[in-house]
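The primary structure of each chain is shown beneath.
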Amino acid sequence: QVHLVESGGDSVQAGGSLRLSCEASGRVFSINDMGWYRQAPGNCREWVARITKEGTAYYTDSVKGRFTISRDNFQNTVYLQMNSLKPEDTAVYYCHADDFAFRTTWGQGTRVTVSS
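These remarks concern the structure in this document. These figures come from a predicted structure and were not determined experimentally.

## Describing the side chain of T110
1) Next: On the secondary structure map, T110 appears in strand β11 (residues 110–115).
2) Next: A relative accessible area of 9% means that T110 is categorised as buried.
3) Next: Separated by 3.0 Å, the side chain of T110 and the backbone nitrogen of G9 make a polar contact.

## With respect to the environment of E23
1) Next: Along the chain, E23 turns up in strand β3 (residues 18–26).
2) Next: Contact partners of E23, with chain neighbours within four places excluded, come to H3, L4, V5, Q75, N76 and T77.

## Things to note about the environment of N73
1) Next: Within the secondary structure, N73 sits in the loop between β7 (67–72) and β8 (77–82).
2) Next: Residues N73 and G55, 18 residues apart in the sequence, show an inter-C-alpha distance of 9.4 Å.
3) Next: Polar side-chain contacts of N73 include one of 2.7 Å to the side chain of R71.

Parameters at a glance
- Residues numbered from 1 in each chain as written.
- Predicted model: local features only at pLDDT ≥ 70, side-chain atom pairs only at ≥ 80, totals over all residues.
- Heavy atoms only, no water.
- Helix = DSSP H or I, 4+ residues; strand = E, 2+ residues; numbered from the N terminus.
- Buried < 20%, exposed > 50% of the residue type's maximum accessible area, 1.4 Å probe, protein only.
- Polar contact = N/O pair within 3.5 Å; in protein donor to acceptor, adjacent residues only side chain to side chain.
- Contact = heavy atoms within 4.5 Å.

What follows is the structure in structure tokens.
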């Protein structure tokens, strides 16, 4: 079983930056892709970014050029560097880890609030 713990959420003003972290523990050797989703109040959870074990990154269009996902396989940690934050980025951000059997583990979420 994999366990994920996110950190780094905070309240910032528009244009600011935050770095989210997600540390995995447990059966980390089984983890393939990792990534981030977010859920704004009243909205469904939406995909933000994903990174393969080899380090190939993918982003949803709304964050391209502003967010960077990275991964440290030795630390079993995935990061989301968020720059030029906008009020519409306000959400609870959830880390996920997919294993090689396509099972997904979720973190508990970390809240990001961007004020205008």
